[in-house]
Amino acid sequence: MSAIPYGRQWVTEEDVKAVSDVLRFDWLTTGPKVEEFEEAFAAKVGSRYAVALSSGTAALHAAAFAARIGPEDEVITTPMTFAATANCVLYQGARPVFSDVEPETLLIDVSEIEEKITPKTKAIVAVDYAGQPCDYDELKNIAKRHNLTLIADACHALGATYKGRSVGALADMTVFSFHPVKHITTGEGGMVTTDDPELAKVMRIFRNHGITSDHRERERCGSWFYEMVDLGYNYRLPDINCALGLSQLKRLDQNVSRRRELAAFYNEAFSRIEAVRPLTQKADRNSAWHLYVVKLDLNKISIDRKIDRKDIFSSLRNEGIGVNVHYIPVYWHPYYQKLGYKKGLCPVAEEAYEEIITLPLFYAMSDNDVSNVVAAVRKVVSC
Ligand SMILES: *Cc1c(COP(=O)(O)O)cnc(C)c1O
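Keep in mind that this is a model prediction, so the values were computed, not measured.

(A) Here's a closer look at the overall build of the protein. Summing up its helical and strand segments, the protein has 15 helices and 13 strands in all. Relative to the globule expectation of 21 Å for 383 residues, the C-alpha radius of gyration of the protein, 21 Å, shows essentially globular dimensions. Within the protein, the proportion of its 383 residues that are buried is 56%. Across the protein, the fraction of contacts at a sequence separation of at least 24, relative to all contacts at a separation of at least 6, is 72%.

See the structure below:
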């Protein structure tokens, strides 16, 4: 059996054509496709503005910059995420403060956030882990009470809803990634959505070296004049990539509904395998299912022999299942350890880390693929 990856892109001939059309046109980088993609994206998630950036990580950095996070500041975030979520705080010279997650959803536990707030706290960066939105009403209340900026890292959650409202319009700024494993891809790419015109403006300047006008605008005005008003970066997303993104965006709903179908199939199958527990889905949210994560009840798997997640992981890989683990708690990474973060900070996340495994989930998976994954899991946990 050939290996089933944990995630992969879905690219069609229509996407290929959209990209090759741009290659025959005048603008390869900052051209009309950037605005077209931004406008279509904002309309899709229901925000006023969308700002395209060269990666999800650049998008996080831009959001942290626009929130005016700086040295001396603290930003509350979750340890159960990709390092980039917390790194954007470090880029700004500030300190990430890790707040623990709920054991059954692995979303940031809103009941613990306020204990972590100090006079230095400037923002919260929440993560819609695996595609399920966080409790945004509660996060907004906390942010409002303490005058904090709420940033949503929704790199897993494009297409998800919270109380019927779409992710992308629930926080002060919402960050998306278009890496190939995500719901839509531009190769590399990212986006920040916001309703605040000032934040959007700051991020547009930030992605272009901190310069107030771009090459195309100057051409339009017949002017050579520009000013650098902030220290920015080259975080622009080229027209080529935006054309791919626009084309991919048209199939977002189809992509998400297939993922929901596949997740429902897994959920049903695992409801009959005691040692495998899918994450809990809250009734007021509809996940976009970026990842399919289960917790392994290792005590149920083996009574007489110590089995750990590593054994299950290797056995599934041997069965041709491209399993993965999302995530090592961020502050366990050597760089964070060097900064002085101690193990034990977030016990729920640390315990969950030992039990979780990510199973394949992507648009092009066939019903047969899912059945094969379930069969392999059943075999591995019952030996
Ligand atoms: C993918 C991802 C990112 C980073 O996105 P890139 O486009 O790879 O830079 C950040 N946060 C989370 C939660 C992600 O899954």
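So that's the structure; there's more coming.
(B) Expanded view of the site of the ligand. Taken together, 14 residues are adjacent to the ligand, and G56, T57, D153, S177 and K182 come closest. Contact between the ligand and D153: a nitrogen atom at 2.8 Å from a side-chain N or O atom of the residue. Within the side chain of S177, an N or O atom sits 2.7 Å from an oxygen atom of the ligand. If the ligand stood free it would expose 380 Å²; the protein chains cover 92% of that surface. In terms of residues, the shell around the ligand owes the most to one element, helix α3 (residues 56–66), which gives three residues. Grouping the constituent residues of the shell around the ligand by class yields four nonpolar, eight polar and two charged.

(C) Layout of the domain arrangement of the protein. Its domain assignment divides the protein into domain 1 (13–251) and domain 2 (253–382). Centre-to-centre separation of domain 1 and domain 2, based on C-alpha positions: 26 Å. At the interface, 40 residues of domain 1 touch 39 residues of domain 2. Note on domain 1 versus domain 2: buried area summed over both sides is about 3,400 Å², and carbon and sulfur give 55% of it. In this structure, the connection of domain 1 to domain 2 is made through three salt bridges. Linking E102 and K282 is a salt bridge whose minimum nitrogen-to-oxygen distance equals 3.3 Å. Taken together, domain 1 and domain 2 are joined by 27 residue pairs in polar contact (both at pLDDT 80 or more). For the side of domain 1 that touches domain 2, the elements supplying multiple residues, two or more each, are α4 (83–91), β3 (95–98) and β6 (161–162). Broken down by element, the side of domain 1 that touches domain 2 gets its largest block of residues, four residues, from α4. For the side of domain 1 that touches domain 2, the class distribution of residues is 21 nonpolar, ten polar and nine charged.

(D) Quick peek at the environment of R251. Structurally, the position occupied by R251 is in the loop between α9 (239–249) and α10 (252–270). Overall, the relative accessible area of 10% leaves R251 in the buried class. On a C-alpha basis, the gap between R251 and L106 in space is 28 Å, while along the polypeptide they are 145 residues apart. Setting aside residues no more than four positions away along its own chain, R251 makes contact with W10, V11, T12 and D15. Reaching out from R251, the side chain makes a polar contact with the backbone oxygen of W10 at a distance of 3.0 Å.

(E) Main features of the state of the cysteines. Summed over all chains, the structure comprises zero disulfides. For C242, which is in no disulfide, the shortest distance to another cysteine sulfur is to C155 and amounts to 16 Å. As a non-bridged cysteine, C346 has C134 as the owner of its nearest cysteine sulfur, 14 Å distant. For C346, a relative accessible area of 0% translates into the label buried.

(F) Looking closely at the environment of I108. Position of I108 relative to the elements: it lies in the loop between β3 and α5 (110–116). A C-alpha to C-alpha distance of 8.7 Å links I108 and P79, two positions 29 residues apart in sequence. Setting aside anything within four residues of it in sequence, one finds I108 in contact with I76, T77, T78, S99, D100, V101, E102, I113, A126, C134 and L139.

(G) Structural view of the nonpolar core. Grouped together as the largest cluster of nonpolar side chains are 66 residues, with contacts concentrated most on F37, F41, Y129 and L139. In terms of residues, this core owes the most to one element, helix α2 (residues 32–45), which gives five residues. Split by domain, the residues of this core number at least three in each of domain 1 (13–251) and domain 2 (253–382). When sequence neighbours within four positions are dropped, the list of residues in contact with F37 reads F178, I184, T186, M191, L237, C242, G245, L246 and L249. Within the second largest apolar cluster, 32 residues are counted, among which are V294, F362, V373 and V381.

(H) Representation of the pattern of salt bridges. On inspection of all chains with the given rule, the structure shows 20 salt bridges. As a salt-bridge pair, R204 and E38 come within 2.9 Å of each other at their nearest N and O atoms. Taken together, the positions of R204 in helix α7 (residues 197–206) and E38 in helix α2 put the pair 166 residues apart, joining distant regions of the chain. Accessibility expressed as a relative area gives 27% for R204, which makes it partly exposed. Residue E38 is classed as buried on the basis of its relative accessible area, which comes to 6%. Taking the shortest distance from any N to any O, the salt bridge between K295 and E355 comes out at 3.9 Å. Of this pair, K295 sits in strand β12 (residues 292–296) while E355 sits in helix α14 (residues 347–355), and the two are 60 residues apart along the sequence.

Thresholds applied
Residues numbered from 1 in each chain as written. Predicted model: local features only at pLDDT ≥ 70, side-chain atom pairs only at ≥ 80, totals over all residues. Heavy atoms only, no water. Helix = DSSP H or I, 4+ residues; strand = E, 2+ residues; numbered from the N terminus. Rg over C-alpha atoms; globule rule 2.2 N^0.38 Å. Buried < 20%, exposed > 50% of the residue type's maximum accessible area, 1.4 Å probe, protein only. Contact = heavy atoms within 4.5 Å. Near = heavy atom within 4 Å. Polar contact = N/O pair within 3.5 Å; in protein donor to acceptor, adjacent residues only side chain to side chain. Areas by Shrake-Rupley, 256 points an atom, 1.4 Å probe, with all protein chains shown as cover. Nonpolar A, V, L, I, M, F, W, Y, C, P; charged D, E, K, R; others polar. Domains from an automatic or database assignment. Buried area = accessible area lost by both parts, 1.4 Å probe. Salt bridge = Lys/Arg side-chain N within 4 Å of Asp/Glu carboxyl O. Disulfide = S-S within 2.5 Å. Core = buried A, V, L, I, M, F, W, Y, C linked by side-chain atoms within 4.5 Å.

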